[in-house]
Amino acid sequence: MNHRISTARGRIRLSAGSLLTLIVLIAMAVAYVTDNLRFLWDATAWQMGFAAVQQSPSDPYWKTIGISVLNTVVVAAVSISVATVIGGMVAFVTISGNALWSKLARCYVQFFRNMPLILQALFWFAVVSHLPAPRQAVKFMGVAASNRGVSVPFLTGEAMGAVAGALVAALLALCLLRRLRPFQRGRTWIAGGAAVAAGAAVSILSPGESLFTVPELQGFNFVGGVHLPTELISMLIAMSLFGSAYIAEIVRGGFATVPRGMTEAARALALPAWAIELKVRVPLALRAVILPMGSQYTTLIKATSVGLAVGFTDLFAVTLMSINQSGHTVALLCVMTACFVILNQAVVSIANALNHAFEIPGFSAS
Amino acid sequence: MGWLVFEWAVIDATWNAASANECVSGGACWAVLKARYRIILFGLYPYEEHWRPAMACLLVIATITVLQWSRLWRASMLTWSAVLVAIVFVVLMRGGLFGLPYVSTDRWGGFALTLFLYVVGVLLGLPLGVGLALLRRSTNSYLSSVAAFVVDAVRTLPMVMILFTVGVLAPIVFPGSLSGDKLWRVAFAFAFVYGCYQSEIVRAGMQAIPRHQEEAAKALALSKYSRLRLVLLPQAMTNGLPATVNLLVATFKETSIVAIIGFFDFTASAQTAYGNAEWANAYLEVYLFVGLAYFSCATGLGWLGGRLERRLQQGRA
């Protein structure tokens, strides 16, 4: 039963999906014309529990709902990234060939896949809210966990500028090199050097003392760093672990599709082990991974609505609050539907484009 | 590490206590399960009638176990036993017949409610999925695009939202016409969502059938209905079996979504079980129990599906 990749969910067809988007947009336009969406410009008069950016009770509905979309995106993006990293590692352990470790990795996948996400979210919520009070918080490498949530050290504005500068420099270097000297070897090294130089330059040029803000106890709470309230951290942990189990299966299934002959041929050419993995097996496995991965990502985006169970103010929860407060049920449901459709379609389109980009001549796309 | 868990769960565990504060040994406080297992299993169902949901759950589990016997794997046998079990289940839970006192659905809860949603969802959803798949493949372009739209719309939206709309908002928006029992409405919505996902599996299964199969059936002068029943559907279902088993397992876990919209299902009643002053610190034990129960159900279902699959593959090879 482990030899399958879950493909039943997701994989929404683009044509029908974009038709749906169109219909929802038209419905919203009609609703707008008939004055049914005017309430979106009224102030909400309530505050969200967690908001990715500052939100106040005087904000209009459209802004509050927009912030809730941002909340959903933040949770989905962070947990999808973490889940992909963990899932990839678990998959590699599974196929590593070591019997003990691969058995353990299998157990990990089975364990987190076979329990409902809500149950996992509620469990982590209970765990975090049973932690000691901030004064007796559990501290580990700058991370402080208490019953009010978890505070983690984070980059200061200056450090983020440095990182952005480094990324831009690396990209520029890569593009330039590709244009000027197409056959130059070691492009990555030069680009990396450019990145480090740019990062260092930005951090030296801008005045400031430290690159990290570290949470510190002041009064009854932590100041500094980034504070992840209980509901956010429990959602993040639950979704990352739950998603990683599915992603591990997808990646493992992808590697199972790599023909054995390819690996053997690579070995016969005396390629080093890292090159066999990176240049032969990974590109071949990617073909079978990208599409199911895309549908798994849309599943995870939809799964953020489980956050309501632990009081996380995601798109679904905020829509419900708005319905409660304003009474515009149908209009708000339309708005939420539109948001979900657009989010999911974006992911599916990216996955399709990537799938197209990674097609290998001579191998029919799976 | 394994030893630490064992020490916590068995050696240092407390099996009898009146509240979590009496669990001082540093190990697991299993006493909470002893004190609260009825809430976890049956929710708010009237205490003296608990034998009914217990019987109903046992019936479902027993049926699934008996159907292990592969001699019984015939389509008619499976269909009739499933329908019969569902009817007996509902009669036992609901009462009002054969001298059983009537218990309204808002008292249903715990594992029994989870099982109810699952049984209703799957039994109604499967035929619906087949129907939607056939509609989507129909040559009438109007019918097929409507089916495609409905299926894609349902699959794009989170299930919580659909269940919430049907369960909570429908009676507010359309008073009178769409009222009726909240639990049944949600169960039907659940079945509908299941059907939409299932229909994609059936459709994919049909696409994988070589075209000559249908042509051969036509050459034998089989009617359209017989072609479907004897040639196309059996092959489509077999092709889609791995995906169906995945979906069945996922659906069992997704019944827990109704906890969000205010039902006392297995997940929600776990929260209630430790959610009072006496047992507030015994959350780990309760979640462990409920989690393991979900885990074993899901694993069991997956294992059964795997057996069925291997069996059918033997038959085909």
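What you see is a predicted model; the values in this text were computed from it and never measured.

Thresholds applied
Every chain begins its residue count from 1, and numbering advances along the sequence as written. Chains and ligands are labelled by the order in which they are written, letters from A for the one and numbers from 1 for the other. Where local features are concerned, this predicted model is filtered to residues with pLDDT of at least 70; where side-chain atom pairs are given and counted, the filter is 80 or more; whole-chain, interface and lining totals use all residues. As a rule here, side-chain values cover all heavy atoms of the structure and leave hydrogens and water aside. Here a residue-residue contact requires only that any non-hydrogen atoms of the pair lie within 4.5 Å. Joining two parts hides part of their accessible area as seen by a 1.4 Å probe, and the buried area is that hidden amount summed over both. Criterion for a salt bridge: a side-chain nitrogen of Lys or Arg within 4 Å of a carboxyl oxygen of Asp or Glu. Identification of polar contacts relies on pairs of N or O atoms within 3.5 Å, with a donor-acceptor requirement for protein atoms, meaning one able to donate a hydrogen and the other able to accept it, and with residues adjacent in sequence counted only if both atoms are side-chain atoms. Secondary structure counts use DSSP, requiring at least four H or I residues in a row for a helix and at least two E residues in a row for a strand, with both numbered from the N terminus. Here the term charged refers only to Asp, Glu, Lys and Arg, the term nonpolar to Ala, Val, Leu, Ile, Met, Phe, Trp, Tyr, Cys and Pro, and the term polar to all other amino acids, Gly among them. Pairing of aromatic rings covers Phe, Tyr and Trp, the last counted by its six-membered ring, and requires centre-to-centre distances within 6.5 Å; plane angles under 30 degrees mean stacked, over 60 mean edge-to-face, and any other angle means tilted. Only protein chains enter the accessibility calculation, which uses a 1.4 Å probe. A residue is then buried if its area is under 20% of the maximum for its type, exposed if over 50%, and partly exposed in between. DSSP bridges decide pairing: two strands pair if at least two such bridges lie between them. Axes here refer to lines fitted to C-alpha atoms; in helices the fit is confined to the stretch in contact. Angles between the N-to-C directions go from 0 to 180 degrees.

Novice: Just to check I follow, could you spell out the interface of chain A and chain B for this structure?
Specialist: The extent of an interface is frequently quoted as the accessible surface area lost upon association of the parts. Taken residue by residue, the interface counts 45 residues in chain A and 47 residues in chain B. Surface buried jointly by chain A and chain B totals about 4000 Å² across both partners, of which 70% is contributed by carbon and sulfur atoms. Taken together, the links from chain A to chain B amount to zero salt bridges. Counting every contact that joins chain A to chain B gives five residue pairs in polar contact (both at pLDDT 80 or more). For the side of chain A that touches chain B, the secondary-structure elements that each account for two or more residues are α1 (14-33), α3 (99-113), α4 (117-129), α7 (230-256), α10 (315-326) and α11 (329-357) of chain A. With eight residues, the top contributor of residues to the side of chain A that touches chain B is α11(A). Classifying every residue of the side of chain A that touches chain B gives 29 nonpolar, ten polar and six charged.

Novice: What exactly am I supposed to notice about the packing of aromatic side chains here?
Specialist: In this description, a pair of aromatic rings is defined by centroid distance and the angle of the planes. If you walk through the whole model with that rule in mind, you get 15 aromatic pairs over all chains. With 5.2 Å between their ring centres and 90° between their planes, A:F111 and A:F112 make a pair best called edge-to-face. A:F111 sits in the partly exposed class, given a relative accessible area of 36%. Between the aromatic rings of A:F123 and B:Y287, the centroid separation amounts to 5.9 Å while the plane-to-plane angle is 90°, which identifies the pairing as edge-to-face.

Novice: How should the sheet that holds strand β8 (residues 226-229) of chain A be read in this particular structure?
Specialist: Sheet strands pair by backbone hydrogen bonding; their relative direction is either parallel or antiparallel. All names here are of chain A. On the basis of which strands lie adjacent, the open sheet formed by four strands has the order β1-β2-β3-β8 and antiparallel pairing. The open sheet is flanked by β1 (138-140) and β8, the only strands paired with a single partner. Adjacent strand axes in the sheet meet at a mean angle of 15° when their direction is disregarded. Examined bridge by bridge, strand β3 (residues 149-152) and β8 share four bridges and lie antiparallel to one another. Looking at β8, one finds that V152 is bridged to V226. Docked against the sheet, α7 engages β3 and β8, running at close to 80° with respect to β8.

Novice: Looking at this model, I keep getting lost on the pairing of β3(A). Mind explaining?
Specialist: The side chains of a regular strand alternate between both faces of the sheet. Residue and element names in this part refer to chain A. The sheet contact formed by strand β2 (residues 143-146) and β3 spans three bridges and is antiparallel. Across the sheet, residue S146 finds its bridge partner in β3, namely G149. Between β2 and β3, which pair antiparallel one after the other, the connecting turn spans two residues.

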